[in-house]
Amino acid sequence: MQHFSYLSDEERVQLFYKEPQPFYKDSPKELLAYSLGAALYMPGTRDSIAEDILSGKYLKGRHEGLSTIVICLEDSISDREIDSAEWNIVHQIQEITEAVERRSFSESDIPLLFVRVRTFEQIQLLLERLGERARELLCGFVFPKFTPQNGRLFLETLEEMNNRYELNLYAMPILESPDIIFKEKRMETLMEIKDILDSFKNILNVRIGATDFSGLFGIRRNKDTTIYDIAVIRDCISDIINIFGRASSQYVISGPVWEYFQGGERILKPQIRQTPFEASYGRTGSTMRAEMIERFEDGLIHEVLLDKANGLFGKTIIHPSHIKVVQAMNVVTLEEYLDATAILNQAEEVNGVIKSHYSNKMNEIKPHYNWAQVVLRKSHIFGVLRDGQTFIDLLGVKREQNVFL
């Protein structure tokens, strides 16, 4: 996969100071962990997964730019659908495998594939049914409602399967259980979970189940509200970051899902300015902005900005209209890139403050060193924008045609 591969060569040259580089499920973990971007969830009962991938649906149209798919066996399906969903997932992945073996489809064009299981038994069941070649297409498993009670069993089962089949499947635990959100048990539970995760090497992301957290309080944020505006959720996310987001821990934490994708009445003013859109696309930009506001994507943009400010990377999504927004906002700006490279290049020679390339801030070598390392990893995966370009320039208007994709 390669982020923004749908852009023409001319567009990439125009937009990027440093172009995004390809990544694969076998890429080094420290890069792959930052590569997931917008992770699209879909129910395990969906019978068109293989058809959609093999038809190139995720390489063009409204799904273009998608890099990560999570096929869900948990909350998105009913209890009576579990058996049929398990067989459907096996069938879908085997169909993709056959197309790759026939060389009618390139494996490099398949999004990273994860399965969200309900139980540890499903890990073994699915891998046995998939067979040797189809198993190799998977990137890993997502473990919902991860707790000290079930977490080690999930991870030990995956480790056993990796050893048995000589695989390198990753784990992505979701923190969303009552003992994490309820304050009296939170820190004890988080520390127990961290002790478990520290015992295994194949943890790709730590994910946050903000919807489940909200449900425990009978809360559902509205379209004008980010998850950070919900005080009890914000406090919990803060503690999760405190435990797992430390540079010494080296865990990548992803942003929680944004659940709105269609229009309705608004109470507050839109949260994105018109000027940047007009600067990028002229009068067409005003229409583009209006359509994004109608889909509440201004709220999504605001939440992703807060994700980034709090050190979260990528985001769970449930609608294809969110793909480009999340991917575009993960691109590194030229200012960030030049600051980061200067810090890393001079780290061995300078032990203090150096002047920013843009002469608008101080760059302190020691405090900003870990930040600079993250920026360089992201720049490899998502690229670096040219000076004067913003994420808005990546959102999907063909300049020469002046029409929406």
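Residues numbered from 1 in each chain as written. Predicted model: local features only at pLDDT ≥ 70, side-chain atom pairs only at ≥ 80, totals over all residues. Heavy atoms only, no water.

Novice: Outline the packing of helix 4 (residues 82-101) against helix 5 (residues 121-130), supporting the account with residue identities and numerical values.
Specialist: Where helix 4 contacts helix 5, the two axes come as close as 9 Å, and the packing angle between them is 40 degrees. Comparing their axes, helix 5 and helix 4 come out oblique. Crossing hand, helix 4 versus helix 5: right-handed. Here Ile-82, Asp-83, Glu-86, Trp-87, Val-90, Ile-93 and Gln-94 of helix 4 lie close against helix 5, whose contacting residues are Gln-122, Leu-125, Leu-126, Arg-129 and Leu-130. Residue classes in the contact of helix 4 with helix 5 are distributed as seven nonpolar, two polar and three charged. (Axes fitted to C-alpha atoms, helices over the stretch in contact; angles between N-to-C directions. Helix = DSSP H or I, 4+ residues; strand = E, 2+ residues; numbered from the N terminus. Parallel < 35°, antiparallel > 145°, perpendicular 65-115°, else oblique. Left-handed = near helix turned anticlockwise from the far one by under 90°. Contact = heavy atoms within 4.5 Å. Nonpolar A, V, L, I, M, F, W, Y, C, P; charged D, E, K, R; others polar.)

Novice: Break down the sheet that holds strand 2 (residues 38-43) for me, with residues and values.
Specialist: The strand order 7-6-5-4-3-2-9-8 describes an open sheet built from eight strands, whose pairing is parallel. Only two strands of the sheet have a single partner each, and these edge strands are strand 7 (207-208) and strand 8 (255-258). Pairing analysis gives five bridges linking strand 2 to strand 3 (residues 68-72), with the strands arranged parallel. If you follow Ala-39 over to strand 3, its bridge partner there is Thr-68. (Pairing = 2+ DSSP bridges.)

Novice: Account for the side chain of Ser-67, naming residues and giving values.
Specialist: Relative to the helices and strands, Ser-67 resides in the loop between helix 3 (49-54) and strand 3. Contacts of Ser-67, omitting those with residues within four sequence positions, involve Met-1, His-3, Phe-23, Ser-35, Leu-36, Pro-111, Leu-112 and Gln-327.

Novice: An account of helix 11 (residues 231-244) is requested, with residue identities and associated values reported.
Specialist: Spanning 14 residues, helix 11 covers 20 Å between terminal C-alpha atoms, matching the ideal 20 Å at 1.5 Å per step. For helix 11, the full list of buried residues reads Ile-233, Cys-236, Ile-237, Ile-240, Ile-241, Ile-243 and Phe-244. The buried residues of helix 11 occupy one face: seen down the axis, they fall within an arc of 165 degrees. Among the structural elements, strand 6 (170-175), helix 8 (178-181), helix 9 (183-197), strand 7, helix 10 (210-215) and strand 8 are those in contact with the buried residues of helix 11. (Expected span 1.5 Å × (residues − 1). Buried < 20%, exposed > 50% of the residue type's maximum accessible area, 1.4 Å probe, protein only. Arc of directions from axis to C-beta.)

Novice: Which residues make up the packing of helix 9 against helix 11, and what are the values?
Specialist: Running from amino to carboxyl end, helix 9 crosses helix 11 at an angle of 35 degrees, the nearest separation of the two axes being 10 Å. Note on packing geometry: the crossing formed by helix 9 with helix 11 is right-handed. Contact residues: helix 9 offers Arg-186, Met-187, Leu-190, Met-191, Ile-193, Lys-194 and Leu-197, while helix 11 offers Val-232, Asp-235, Cys-236, Asp-239, Ile-240, Ile-243 and Phe-244. Residues belonging to the contact of helix 9 with helix 11 are distributed by class as follows: ten nonpolar, no polar and four charged.

Novice: Lay out the packing of aromatic side chains in plain terms, naming residues and giving numbers.
Specialist: The description of an aromatic ring pair rests on the distance of the ring centres and on the angle between the ring planes. In this structure the tally under the stated criterion is nine aromatic pairs. Through a chain of ring-to-ring contacts, the aromatic side chains of Phe-4, Tyr-6 and Phe-16 assemble into a single cluster. In this structure, Arg-129 is placed above the aromatic ring of Trp-87, and the distance from its NZ or CZ to the ring centre is 3.8 Å. Over the face of the ring belonging to Tyr-165 we find Arg-135, whose NZ or CZ atom lies 3.7 Å from the ring centre. (Phe/Tyr/Trp six-rings, centres within 6.5 Å; stacked < 30°, edge-to-face > 60°. Lys NZ or Arg CZ within 6 Å of the ring centre and 35° of its normal.)

Novice: I'd like a rundown of the nonpolar core, residues and numbers included.
Specialist: In terms of nonpolar packing, the biggest core is built from 119 residues, with Phe-141, Phe-143, Ile-240 and Phe-244 touching the most fellow members. Residues in contact with Phe-141, not counting those within four places in the same chain, are Phe-114, Val-115, Val-117, Ile-123, Leu-126, Leu-127, Leu-158, Leu-169, Tyr-170, Ala-171 and Met-172. Val-332, Ile-343, Ile-365 and Ala-372 belong to the second largest nonpolar core, which has eleven residues in total. (Core = buried A, V, L, I, M, F, W, Y, C linked by side-chain atoms within 4.5 Å.)

Novice: So what's going on with the pattern of salt bridges? Residues and values would help.
Specialist: Evaluation of the coordinates by the stated rule reveals 27 salt bridges. Of the charged contacts in the structure, one is a salt bridge between Glu-19 and Arg-12, with a shortest N-O distance of 3.5 Å. With a closest N to O distance of 3.8 Å, Arg-234 and Asp-235 form a salt bridge. The exposure class assigned to Arg-234 is partly exposed, which follows from its relative accessible area of 36%. The exposure class assigned to Asp-235 is partly exposed, which follows from its relative accessible area of 37%. (Salt bridge = Lys/Arg side-chain N within 4 Å of Asp/Glu carboxyl O.)

Novice: I'd like a description of the environment of Asp-79, backed by residues and values.
Specialist: Positionally, Asp-79 belongs in the loop between strand 3 and helix 4. On the accessibility criterion, Asp-79 (60% relative accessible area) is exposed. Spatially, the C-alpha atom of Asp-79 lies 41 Å from that of Leu-394, the residues being 315 residues apart in sequence.

Novice: Any chance you could break down the pairing of strand 3 for me, citing the residues and the numbers?
Specialist: The buried count for strand 3 comes to five of five residues, which makes it a mostly enclosed element. What you see with strand 3 is no split at all: Thr-68, Val-70 and Cys-72 on one side and Ile-69 and Ile-71 on the other are buried throughout. Examined bridge by bridge, strand 3 and strand 4 (residues 112-116) share five bridges and lie parallel to one another. Paired with Ile-69 across the bridge in strand 4 is Leu-113. Between strand 3 and its parallel partner strand 4, the chain crosses via helix 4, and the hand of that crossover is right-handed. (Right-handed = clockwise from strand over helix to strand, strands pointing away.)

Novice: How would you sum up the pairing of strand 5 (residues 138-143)? Please name residues and give values.
Specialist: On any regular strand, side chains alternate: one points to one face of the sheet, the next to the other face. Burial analysis of strand 5 places six of its six residues in the buried class, which makes it a mostly covered element. In this structure, strand 4 lies alongside strand 5, joined through four bridges in parallel fashion. Counterpart to Phe-114 in the pairing with strand 5 is Gly-140. Relative to strand 6, strand 5 is paired through four bridges, and the arrangement is parallel. The residue bridging Gly-140 from the neighbouring strand is Tyr-170, located in strand 6.

Novice: How would you sum up the side chain of Glu-86? Please name residues and give values.
Specialist: Inspection of the secondary structure assignment puts Glu-86 in helix 4. With relative accessibility at 6%, the residue Glu-86 sits in the buried group. Side-chain polar atoms of Glu-86 contact the side chain of Gln-122, separated by 2.8 Å. Once residues within four sequence positions are removed from consideration, Glu-86 is found in contact with Leu-73, Gln-122, Leu-125, Leu-126 and Arg-129. (Polar contact = N/O pair within 3.5 Å; in protein donor to acceptor, adjacent residues only side chain to side chain.)

Such coordinate-based values are descriptive only and should not be taken to indicate function.
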